[in-house]
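Here's the letter readout for the chains.
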Amino acid sequence: MTDAAWDYVIVGAGSAGCALANRLSADGRHAVLLLEAGPPDHYPWIHIPIGYAKTMFHPVYNWKFKTEPEAQMNGREVYWPAGRTLGGSSSINGLIYIRGHRADYDHWAELGNAGWSYADVLPFFRKLEHNVRGASEWHGVDGPLWVSDIRAKHPLIEAVIAAAEEVGIARNPDFNGATQDGAGYYQLTTKQGFRCSTATAYLRPARGRRNLTITTDAQATRVAFDGRRARGVVYRQAGSERTAVARREVILAAGALKSPHLLLLSGVGPPAHLQAFGIPVVHALPGVGENLQDHLQLRVIFRCTRPITTNDTLKSWWRKMAMGARYVATRTGPMAIGINQGGMFARTDPALSRPDVQFHLATLSSDMAGSPVHTFSGFTLSVCQLNPESRGRIGPKSADPLAAPSIHPNYLSTPRDRATAVAGIRLARRLAATRALSPYVAGEYRPGPEAVTDDDLLEFAKNKGATIFHPAGTCKMGPASDPLAVVDPALRVHGVEALRVVDCSVMPTLVSGNTNAPVIMIAEKAADMIRRDSRSR
Ligand SMILES: Cc1cc2nc3c(=O)[nH]c(=O)nc-3n(C[C@H](O)[C@H](O)[C@H](O)COP(=O)(O)OP(=O)(O)OC[C@H]3O[C@@H](n4cnc5c(N)ncnc54)[C@H](O)[C@@H]3O)c2cc1C
């Protein structure tokens with residue numbers, strides 16, 4: 001069965017897809033189809049920030065990927081959640097609003113990607129944002145994505161910030177402003193106490209447009225080609241196979257795992273991988289699925305001397321009731337915050353030119369992010385290396401388009417990455433030993449006092465390290481001279497026509513921070529380029 005034709009067919013209604021759907025349908029000139037594998041975002045816990053824990057392992061709203069077991073993680077499969085609903089991962093993420101370091105984007109430009117330096121992308125960051133702090137050189141107020149402050153100060157976060165100051169790391173009120181270094185509170189993508197996903201920010205206002213069709217529960221299985229021109233998208237919905245024809249372009253926005261997976265299933269990728277699964281080669285492109293990068297988080301957990309942690313709130317019925325009542329009445333308190341309230345960007349070696357680790361500070365503790373909190377009073381200093389050297393890859397596991405891809409993150413595979421992991425854990429311990437924070441520390445729960453040597457700490461990283469959910473780089477942006485480049489600086493797939501990739505996968509190198517805002521910036525910039533192209537044709 002063949003569906004009608006649209007000008008643009010977008011695959012994936014995630015952080016990028018929703019922003020694209022809004023911007024490309026805004027002037028009414030083009031018909032846009034947005035295809036999403038998951039259902040609509042009606043589950044109430046999506047919209048309440050603390051619902052993060054409810055969606056983390058949800059069988060419907062989460063793809064629940066797992067990495068392949070890897071030797072350097074002691075043979076463990078690492079759980080990789082990803083959003084599967086309108087808003088994609090922005091509907092289940094930790095709401096932290098970070099852009100990365102200006103040098104990340106300058107580096108992208110140095111790699112041959114004209115138009116992607118920090119000076120080039122800053123206007124798009126300002127365009128996407130409605131920052132409650134008001135407009136400034138760094139921030140915008142006219143964008144759809146609400147960025148809010150955490151209004152209540154928490155004594156533990158205050159103590160960590162003071163601890164950072166004690167070890168020479170300054171307080172920073174705005175990690176997205178003049179400088180990234182320092183410790184402080186995160187801003188969150190919330191609007192008046194509710195999650196501001198891209199479905200809320202970008203899709204809701206556009207839903208009534210006659211030229212925008214949003215189709216949910218529709219999983220794309222491949223791009224259909226006429227020769228080397230993308231003709232449309234084949235997808236499965238309610239047990240039937242359909243084809244959505246794209247008069248102008250197909251845009252893959254299915255995320256850093258599924259966009260390269262779809263290219264591979266469509267015959268665009270390294271020929272050896274395709275042939276191994278009997279997939280006919282449409283275009284040989286060696287970089288598809290390669291260059292996988294992620295932030296590995298190491299969660300250093302402390303028992304707290306005082307019953308002031310979110311663990312304490314959640315284990316007491318009356319405190320839980322009070323928390324709920326506070327949220328209903330004022331939209332504040334723990335329910336209005338995801339998990340991490342505070343953050344820190346620091347250098348494990350003062351000689352470095354910029355921060356090499358990021359901390360996420362949580363007033364709770366649990367075995368895994370999003371799993372039930374511990375019964376004791378606990379808090380977490382989670383540390384991740386910002387610019388890992390390790391590169392992994394994703395590939396097909398079978399020719400079945402509905403099967404998950406194979407994921408090989410290759411964490412901790414270089415000496416520098418291993419050394420930074422150890423140095424990050426040691427920095428967390430230094431903070432815990434300060435005058436400001438030590439009164440709150442009853443003991444180190446993880447890695448625990450028995451972990452003393454560098455080897456012990458590395459062993460902890462291998463046994464307990466987890467993703468902080470930032471896979472990127474698998475459809476690398478770069479010039480044709482780059483053997484691993486999959487898309488050009490206009491995000492068009494090299495060697496074929498009418499096909500772009502617009503999502504986290506195009507990052508040539510992972511940004512130094514959380515990835516939601518950078519992906520939305522990429523979509524804003526892509527929409528600008530696509531609309532410009534459409535005017536010249
Ligand atoms: C649990 C978690 C916590 C996070 N916390 C933060 C945070 O606090 N701050 C931050 O900045 N970043 C955070 N991130 C990362 C950030 O949210 C993602 O990097 C970003 O949302 C990725 O955007 P994307 O558009 O590339 O992909 P996604 O937003 O994942 O969108 C991809 C969409 O495509 C759909 N799709 C996939 N395959 C198909 C197919 N075949 N057919 C149709 N549709 C398909 C998916 O269902 C999904 O809706 C977090 C991520 C997770 C998972």
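It should be noted that the structure appears before, not after, this text.
The text that follows walks through the structure, step by step, so that each part is easy to find. (Residues numbered from 1 in each chain as written. Predicted model: local features only at pLDDT ≥ 70, side-chain atom pairs only at ≥ 80, totals over all residues. Heavy atoms only, no water.)

With that out of the way, let us pick up the overall build of the protein chain. Each helix and strand in the protein chain was counted, giving 14 helices and 25 strands. The C-alpha atoms of the protein chain give 22 Å as radius of gyration, which agrees with the globular expectation for 537 residues (24 Å, within 12%). Seen through its C-alpha atoms, the protein chain measures out along the principal axes to roughly 65 × 50 × 45 Å. Taking all 537 residues of the protein chain together, 63% fall into the buried category. For the protein chain, the share of sequence-separated contacts (at least 6 apart) that also reach a separation of at least 24 residues comes to 69%. Accessible area of the protein chain: about 19300 Å², with a carbon and sulfur share of 54%. (Helix = DSSP H or I, 4+ residues; strand = E, 2+ residues; numbered from the N terminus. Rg over C-alpha atoms; globule rule 2.2 N^0.38 Å. Buried < 20%, exposed > 50% of the residue type's maximum accessible area, 1.4 Å probe, protein only. Contact = heavy atoms within 4.5 Å. Areas by Shrake-Rupley, 256 points an atom, 1.4 Å probe, with all protein chains shown as cover.)

What follows is about the packing of helix H12 (residues 415-432) against helix H13 (residues 454-464). Contact pair H12 / H13: the axes reach a minimum separation of 9 Å and the direction vectors enclose 100°. With respect to H13, the axis of H12 lies roughly perpendicular. Two secondary-structure elements touch here, H12 through Arg418, Val422, Ile425, Arg426 and Arg429 and H13 through Asp454, Leu457, Leu458 and Phe460. Counted by class, the contact of H12 with H13 contains five nonpolar, no polar and four charged residues. (Axes fitted to C-alpha atoms, helices over the stretch in contact; angles between N-to-C directions. Parallel < 35°, antiparallel > 145°, perpendicular 65-115°, else oblique. Nonpolar A, V, L, I, M, F, W, Y, C, P; charged D, E, K, R; others polar.)

Take the packing of aromatic side chains next. The tally for this structure, following the rule as stated, stands at 12 aromatic pairs. Seen from their ring centres, Trp108 and Trp116 are 6.0 Å apart, and the 55° between their planes marks the pair as tilted. Take Trp116: its relative accessible area is 0%, and that puts it in the buried class. Above the ring of Tyr440, the side-chain terminus of Arg306 is found at 4.3 Å from the ring centroid. Sitting above the plane of the Trp116 ring, Lys525 keeps its charged end 5.0 Å from the centroid. (Phe/Tyr/Trp six-rings, centres within 6.5 Å; stacked < 30°, edge-to-face > 60°. Lys NZ or Arg CZ within 6 Å of the ring centre and 35° of its normal.)

The next thing to look at is the site of the ligand. Lining the immediate environment of the ligand, one finds 41 residues, of which Ser15, Glu36, Ser89, Thr515 and Asn516 sit closest. Contact distances for the ligand include 2.6 Å between an oxygen atom and a side-chain N or O atom of Ser15. Ala37 is positioned such that a nitrogen or oxygen atom in its backbone is 3.1 Å from a nitrogen atom of the ligand. Computed on the free molecule, the ligand has an accessible area of 1000 Å², of which 97% lies beneath the protein chains in the complex. Of all the elements in the fold, those that place two or more residues in the shell around the ligand are helix H1 (15-25), strand S12 (218-226), helix H8 (255-265) and helix H14 (516-536). Broken down by class, the residue content of the shell around the ligand amounts to 21 nonpolar, 16 polar and four charged. (Near = heavy atom within 4 Å. Polar contact = N/O pair within 3.5 Å; in protein donor to acceptor, adjacent residues only side chain to side chain.)

Relative to the assigned elements, Thr309 resides in the loop between strand S17 (296-304) and helix H10 (310-315). For the pair Thr309 and Gly378, spaced 69 residues apart in the sequence, the C-alpha separation amounts to 6.2 Å. Beyond its immediate stretch of four places on either side in the chain, Thr309 contacts Leu156, Cys304, Thr363, Ser377 and Gly378. There is a polar contact of 3.5 Å between the side chain of Thr309 and the backbone nitrogen of Gly378.

Tracing the backbone through its elements, the reader meets Glu70 in the loop between strand S3 (65-66) and strand S4 (79-80). The charged side chain of Glu70 is buried without a salt bridge, its nearest counter-charge being Arg393 at 8.0 Å. With residues near it in sequence (within four places) discarded, Glu70 still touches Gly75, Arg76, His408, Pro409, Asn410 and Tyr411. (Lys, Arg positive; Asp, Glu negative; His and termini not counted. Salt bridge = Lys/Arg side-chain N within 4 Å of Asp/Glu carboxyl O.)

A few words now on the pairing of strand S2 (residues 32-35). Successive residues of a regular strand alternate their side chains across the two faces of the sheet. Burial of the side chains of S2 extends over both faces: Val32 and Leu34 are buried on one face and Leu33 and Leu35 on the other. Here S2 runs beside strand S11 (residues 212-215); their pairing, made up of four bridges, is parallel. The residue of S11 that forms the bridge with Val32 is Leu212. (Pairing = 2+ DSSP bridges.)

Read from one edge to the other, the open sheet built from three strands follows the order S5-S6-S8, with strand pairing classed as mixed. Only two strands of the sheet have a single partner each, and these edge strands are strand S5 (129-131) and strand S8 (187-188). Of the pairings in the sheet, the one linking strand S6 (residues 145-149) to S8 comprises two bridges and is antiparallel in character. Counted as the bridge partner of Asp149 is Gln187 from S8. Helix-sheet contacts for helix H5 (residues 118-128) involve S5 and S6, and the interaxial angle to S5 is about 65°.

Along H1, 11 of the 11 residues are buried, which leaves the element largely enclosed by surrounding structure. Those residues of H1 lying buried are Ser15, Ala16, Gly17, Cys18, Ala19, Leu20, Ala21, Asn22, Arg23, Leu24 and Ser25.

Within the fold, Arg531 resides in helix H14. Owing to a relative accessible area of 25%, Arg531 belongs among the partly exposed residues under this scheme. Residues Arg531 and Gly239, spaced 292 residues apart in sequence, show a C-alpha to C-alpha distance of 34 Å. Look past the residues within four positions of Arg531 in its chain and what remains in contact with it is Arg23, Leu24 and Asp27.

On the surface, a cluster of negative charge is made up of Glu450, Asp455, Asp456 and Glu459. By the element assignment, Asp455 lies in helix H13. (Patch = residues over 30% accessible without salt bridge, like charges linked within 9 Å, V, L, I, M, F, W, Y side chains within 5 Å. Charge placed at Lys NZ, Arg CZ, Asp CG, Glu CD.)

Leu20, Leu491 and Leu499 are the most contacted members of the largest nonpolar core, which totals 89 residues. When residues of this core are assigned to their parent elements, the largest contribution, 10 residues, is made by H14. Contact partners of Leu491, with chain neighbours within four places excluded, come to Trp116, Met477, Leu499, Arg500, Val501, Val502, Val506, Ile522, Ala526 and Met529. Among the nonpolar cores identified, the runner-up in size contains 48 residues, and Leu156, Val357, Leu361 and Leu431 belong to it. (Core = buried A, V, L, I, M, F, W, Y, C linked by side-chain atoms within 4.5 Å.)

Applying the stated criterion across every chain yields a total of 27 salt bridges. Of the charged contacts in the structure, one is a salt bridge between Arg236 and Glu241, with a shortest N-O distance of 3.6 Å. A residue is classified by how much of its surface remains accessible, and Arg236, at 32% relative accessible area, is partly exposed. Where Arg429 meets Glu444, a salt bridge forms, and the shortest distance between an N and an O atom there is 2.8 Å. Of this pair, Arg429 sits in helix H12 while Glu444 sits in strand S23 (residues 441-446), placing them 15 residues apart in sequence. For Glu444, a relative accessible area of 19% puts it in the buried group. Overlapping salt bridges bring together Glu249, Asp488, Arg492, Arg500 and Asp533 as one network.

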